[in-house]
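These are the residues of each chain, in order.
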Amino acid sequence: MRKQIVAGNWKMNTTFSDGAELIKQIILKTDSVKNTQLIIAPPFILTSEAGKLTSNTKIEVSGQNCSNQAKGAFTGEVSAEMLKSAGANHVILGHSERRAYYLETNGLINEKIKISLENNLTPIVCCGEVLDERENNEHFEVVSKQIKGMFYGINAEDFKNIIIAYEPVWAIGTGKTATPIQAQEMHKFIRETIMNSYGSEIAENLSILYGGSCKPSNAKELFANPDVDGGLIGGASLSADDFIAIANSF
Ligand code: 13P
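Quick caveat, the model's predicted, so the values are computed rather than measured.

Trainee: Hey, could you run me through the nonpolar core in this one?
Mentor: Where a protein is soluble and globular, its nonpolar side chains tend to be buried together. With 61 residues, the main nonpolar core has Ile-113, Phe-151, Phe-159, Ile-164, Ile-190 and Ile-194 as its most contacted residues. If we skip the residues at most four places from it in the chain, Ile-164 touches Val-125, Cys-127, Phe-151, Phe-159, Ile-190, Ile-194, Leu-206, Ser-207, Ile-208 and Leu-209. By size, the runner-up hydrophobic cluster in this structure holds 11 residues, among which are Ile-5, Ile-39, Cys-126 and Leu-209.

Trainee: When you look at the site of the ligand in this model, what are you seeing that I'm missing?
Mentor: Close to the ligand lie Asn-9, Lys-11, His-95, Glu-167, Ala-171, Ile-172, Gly-173, Gly-212, Ser-213, Leu-232, Gly-234 and Gly-235. Between an oxygen atom of the ligand and a side-chain N or O atom of Lys-11, the distance comes to 2.7 Å. Isolated, the ligand exposes 310 Å² of accessible area, and the fraction of that covered by the protein chains is 94%. Of the residues that constitute the shell around the ligand, the class distribution is three nonpolar, seven polar and two charged.

Trainee: Is there a simple way to explain the packing of helix 1 (residues 16–28) against helix 12 (residues 240–247) in this structure?
Mentor: Each pair of packed helices can be described by the angle between their axes along with the distance between the axes. Where helix 1 meets helix 12, the axes come as close as 9 Å, and the angle between the chain directions of the two elements is 40 degrees. The angle between the axes of helix 1 and helix 12 places the two elements in the oblique class. Here helix 1 runs over helix 12; the crossing is right-handed. In this structure, helix 1 uses Leu-22, Gln-25 and Ile-26 to contact helix 12, whose residues at the interface are Ala-240, Phe-243 and Ile-244. Taken together, the residues of the contact of helix 1 with helix 12 break down into five nonpolar, one polar and no charged.

Trainee: Explain the side chain of Gln-37 here, please?
Mentor: With respect to the helices and strands, the residue Gln-37 is situated in strand 2 (residues 36–41). Sequence-distant contacts of Gln-37, defined by excluding residues within four places in its chain, comprise Lys-3, Gln-4, Ile-5, Val-6, Lys-58 and Glu-60.

Trainee: It is not clear to me how a negative patch on the surface should be interpreted in this structure. Could you clarify?
Mentor: A cluster of acidic residues, Asp-132, Glu-135, Glu-138 and Glu-141, forms a negative patch on the protein surface. Following the sequence through the fold, Glu-138 ends up in the loop between helix 6 (131–135) and helix 7 (139–150). Given a relative accessible area of 32%, Glu-138 falls into the partly exposed group.

Trainee: Hey, could you run me through the packing of aromatic side chains in this one?
Mentor: This model, assessed by the stated rule, comprises four aromatic pairs. Pairing Phe-159 with Tyr-198 gives two aromatic rings, centres 4.5 Å apart and planes at 40 degrees, and the pair type is tilted. With Phe-159 in helix 8 (residues 156–159) and Tyr-198 in helix 9 (residues 180–198), the pair connects residues that are 39 residues apart, well separated along the chain. By relative accessible area, which is 2% here, Phe-159 ends up buried.

Cut-offs and rules
Residues numbered from 1 in each chain as written. Predicted model: local features only at pLDDT ≥ 70, side-chain atom pairs only at ≥ 80, totals over all residues. Heavy atoms only, no water. Core = buried A, V, L, I, M, F, W, Y, C linked by side-chain atoms within 4.5 Å. Buried < 20%, exposed > 50% of the residue type's maximum accessible area, 1.4 Å probe, protein only. Contact = heavy atoms within 4.5 Å. Near = heavy atom within 4 Å. Polar contact = N/O pair within 3.5 Å; in protein donor to acceptor, adjacent residues only side chain to side chain. Areas by Shrake-Rupley, 256 points an atom, 1.4 Å probe, with all protein chains shown as cover. Nonpolar A, V, L, I, M, F, W, Y, C, P; charged D, E, K, R; others polar. Axes fitted to C-alpha atoms, helices over the stretch in contact; angles between N-to-C directions. Helix = DSSP H or I, 4+ residues; strand = E, 2+ residues; numbered from the N terminus. Parallel < 35°, antiparallel > 145°, perpendicular 65-115°, else oblique. Left-handed = near helix turned anticlockwise from the far one by under 90°. Patch = residues over 30% accessible without salt bridge, like charges linked within 9 Å, V, L, I, M, F, W, Y side chains within 5 Å. Salt bridge = Lys/Arg side-chain N within 4 Å of Asp/Glu carboxyl O. Lys, Arg positive; Asp, Glu negative; His and termini not counted. Charge placed at Lys NZ, Arg CZ, Asp CG, Glu CD. Phe/Tyr/Trp six-rings, centres within 6.5 Å; stacked < 30°, edge-to-face > 60°.

This is how it looks when you write it as structure tokens:
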């Protein structure tokens, strides 16, 4: 049975105290959430605090990125092992903002996926096309190439601990959401792509999340699709009420 998941990517928002307060507000509202896994991905400065505050709650903690290196002289980097030791059990990898602003490639993301799995972190691996690619009808080809590159050398056993997030870049932070039909057809395509490499059991158990201007007002129609297993939420995850309302949209 695949999991329903709502994950909040806080991006570079909140100070330490604002973030701790937001975590406390979310915890207070989780009683209404029944069959949905909640994950929050605060900035690194809050990973350890989030780990402490959420122990014995329904909420799990994620990093927003990690290094492709295990340890050593890599100034400014945070390793998968460090994240795990601070209380995270997930990590978002390959986000389009990392690709666009920090020039991350599918090859680099592949290394990060491998090192995350070695450290028992579940990667939430992002894919998605930019507007030009969608307008030129290249979106399936682009996502297929991202998946092939990012999961090179990843085996079926590893795939039991992987979540995929489809985030059309033109929908991120723009208020322009993919239609339920656009989301469903891409999620189905991703599941079929994984099925072709890893078989139907792995593909059926894989949670595929939608990200891109997902909010309480549109989450229900997106999550109603058979291949949409939840959301990776940016802006709306910074409001405890909105985040919980989205989690209750299945
Ligand atoms: P928004 O929900 O703000 O569009 O961001 C989506 C996202 O990038 C989540 O990773």
